Amino acid sequence: MSLSGASERSVPATKIEITVSCRNLLDLDTFSKSDPSKRLQGLEEEPGVGGASHTEPGQPGVAGGESPSPSLAQGRSREPPARLPALILRPPAQFGRTEVIDNTLNPDFVRKFVLDYFFEEKQNLRFDVYNVDSKTNISKPDFLGQAFLALGEVIGGQGSRVERPLTGVPGKKCGTILLTAEELSNCRDIATMQLCANKLDKKDFFGKSDPFLVFYRSNEDGTFTICHKTEVVKNTLNPVWQPFSIPVRALCNGDYDRTVKIDVYDWDRDGSHDFIGEFTTSYRELSKAQNQFTVYEVLNPRKKCKKKKYTNSGTVTLLSFSVDSEFTFVDYIKGGTQLNFTVAIDFTASNGNPLQPTSLHYMSPYQLSAYAMALKAVGEIIQDYDSDKLFPAYGFGAKLPPEGRISHQFPLNNNDEDPNCAGIEGVLESYFQSLRTVQLYGPTYFAPVINQVARAAAKISDGSQYYVLLIITDGVISDMTQTKEAIVSASSLPMSIIIVGVGPAMFEAMEELDGDDVRVSSRGRYAERDIVQFVPFRDYVDRSGNQVLSMARLAKDVLAEIPEQLLSYMRTRDIQPRPPPPANPSTTSAPDQP
């Protein structure tokens, strides 16, 4: 049988608390200063347009800072899109609002916004600021300005703080908004426990059972999500499982009284595991085992209904339970760790003539190529965690003008001294320009560009920099032996490698480089860490042709492993995050002028 209840994410999002202040707001009150209040909205952008609008007061929403949904990105209104200058936005779902602060242009709001955070997603936010004159007209406040930004921009800011101008009132300076992100403390707790069982039901005909445990976290809708499986202990009715650790947020998502269901199974080789029984508990109840053993009865509901004298199917004892805190991805980003993003693009002839619509590099005036979509999808998320927004970009497998030299590591901006491009748009411009000037050739070599990034990563080992290399390719690799050697060497460095395959080719060789099942090895050496993630882009293409959705799906999958890969490097080197830099005094306090 299959173990149902698993979801795409066994570990829910880290929870981030956003603190909001404003400075130099518009003064709309005649005899006193404005009485500001703030609303937070989750945005969904209409494909192909840019710009912004503010939602008029009176939309259905949630007051008091409570969220109607655990995810911002999924909020949609049934109303048609509101069309305003330069941008079309779907009316966002209101996430919450702050309190009203009387008679000030420089409010420091007490009420916080608590958001779920996923590194691999672009979580766009909108903050609207209003002036509320009195309780009598609170439904029709005056609009003071708004700000648009991604949650990643706040977390990636210096000390996880950013300041942005407020806009939206024509011809007026609306002041600024200051945002600070703080990870909630229970997101970093790790629970370690050990369990044993006694007198479990015998399920195997020729021997005893082979028991294992499956832990499920209950969801708000009554369903369950699998969050842990123990190892199988063979041929015993009295197993003792090895101690294991699990993030507390995976076990209960921060709700200490949320139900945790534990199923007991007898393992079968064909996967049709036999159900022995179940019991329920909670994180709060489990934590009591720090002082005493806790014994749970294992019950099989079917047996309980059929047999009058049924007592139980055995017992499970919680032998030990402890909780420790560990550093998180947000801790390192907040302490100043920068993600350095490098791009390498396949310019081999197998991609086809870029002037022909059949080419994977074809520059259509109507839509992006698969190469450009992959670059944009990954780059637009990572750039929020790089302060200078300068990205080295290379091509490989092309003949370069004027002499026709074959290169497997040429800068897309044609500048050997400085291969950096300004922002993701700068990388795209250099990529398009290279398609017009170089000759697609071959073969497909990965090792040169991997070694290039590895040399840069090797120079900085103090945890202040982490390198992410994106390789986009269409075909079979020609230097597998050298590439394996480069990956094994790079696995001890602060870097990760993302490989996106485009086009219809078979990518078995790439799967070998993604060490999920078998760790990459070369000349008897094994990779110290799994640092490679490979995906074929065709698996993420939206059938209706929605490129924005295709890019979001791709980014969500290929970037999901980056935080854990960064943490694995920091742990193996015993590198602790630096304390966040102090706030700039000029932005944290701005008293009103008399």
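Residues numbered from 1 in each chain as written. Predicted model: local features only at pLDDT ≥ 70, side-chain atom pairs only at ≥ 80, totals over all residues. Heavy atoms only, no water.

Quick look at the sheet that holds strand β11 (residues 189-198)
No. 1: Pairing is antiparallel in the open sheet, where four strands are placed in the order β14-β11-β18-β17. Two strands in the sheet have a free side with no partner beyond their single neighbour: β14 (244-247) and β17 (294-297). Averaged over all adjacent pairs, the angle separating strand axes in this sheet is 35 degrees, with direction ignored.
No. 2: As paired elements, β11 and β14 share four bridges and run antiparallel to each other. When the bridges of β14 are listed, Met193 appears paired with Phe244. (Pairing = 2+ DSSP bridges. Helix = DSSP H or I, 4+ residues; strand = E, 2+ residues; numbered from the N terminus. Axes fitted to C-alpha atoms, helices over the stretch in contact; angles between N-to-C directions.)

Overview of the nonpolar core
No. 1: By size, the foremost hydrophobic cluster in this structure holds 86 residues, and its most contacted members are Ile18, Phe127, Phe341, Phe347 and Leu559.
No. 2: Element by element, the count of residues in this core is highest for helix α6 (residues 370-382), at 10 residues.
No. 3: With 34 residues, the next largest nonpolar core counts Ala191, Phe212, Tyr216 and Ile276 among its residues. (Core = buried A, V, L, I, M, F, W, Y, C linked by side-chain atoms within 4.5 Å. Buried < 20%, exposed > 50% of the residue type's maximum accessible area, 1.4 Å probe, protein only.)

So, the sheet that holds strand β16 (residues 274-282)
Strands pair in a sheet through their backbones, by hydrogen bonds, and they do so in one of two ways: parallel or antiparallel.
No. 1: Here four strands make up an open sheet; going across it, the order is β13-β12-β15-β16 and the pairing antiparallel. Either end of the sheet is taken by a strand with one partner, and the two such strands are β13 (224-229) and β16. Within the sheet, the average angular offset between the axes of one strand and its neighbour, ignoring direction, is 30 degrees.
No. 2: Pairing between strand β12 (residues 211-218) and strand β15 (residues 259-266): seven bridges, direction antiparallel. In the strand pairing of β15, Phe212 is matched with Tyr265.

Examining helix α11 (residues 547-558)
No. 1: Over its 12 residues, α11 extends 17 Å from the first C-alpha to the last, a length consistent with the 16 Å expected when each residue adds 1.5 Å.
No. 2: Residues of α11 that are buried include every one of Gln547, Ser550, Met551, Leu554, Ala555 and Val558, and no others. Each buried residue of α11 sits inside an arc of 125 degrees when the element is viewed along its axis, so together they form one side.
No. 3: Packed against the buried residues of α11 are α6, β27 (495-501), β30 (532-536) and α12 (562-572).
No. 4: Capping the start of α11 is the job of one residue whose side-chain oxygen sits 3.1 Å from the backbone nitrogen of Val548: Asn546. (Expected span 1.5 Å × (residues − 1). Arc of directions from axis to C-beta. Contact = heavy atoms within 4.5 Å. Polar contact = N/O pair within 3.5 Å; in protein donor to acceptor, adjacent residues only side chain to side chain.)

Topic: the pairing of strand β10 (residues 176-183)
No. 1: The buried fraction of β10 amounts to six of the eight residues, a majority that puts the element mostly inside the structure.
No. 2: For strand β1 (residues 14-23) and β10, the ladder comprises eight bridges, and the chain directions are antiparallel. Within β10, the residue paired with Ser21 across the bridge is Leu178.
No. 3: In this sheet, β10 lies alongside strand β9 (residues 161-165) in antiparallel orientation, the contact comprising five bridges. From the neighbouring strand, Arg161 faces β10, where its bridge partner is Thr180.

Remarks on the confidence of the model for the chain
No. 1: When pLDDT is averaged along the chain, the result is 83; 83% of the residues meet or exceed 70.
No. 2: Of the regions scoring below 50 in pLDDT, residues 1-10 engages in 26 contacts with residues more than four places distant in sequence or in other chains.
No. 3: This stretch, residues 44-92, has a pLDDT under 50; its non-local contacts, to residues over four places away or in other chains, come to 95 contacts. (pLDDT = per-residue confidence, 0-100.)

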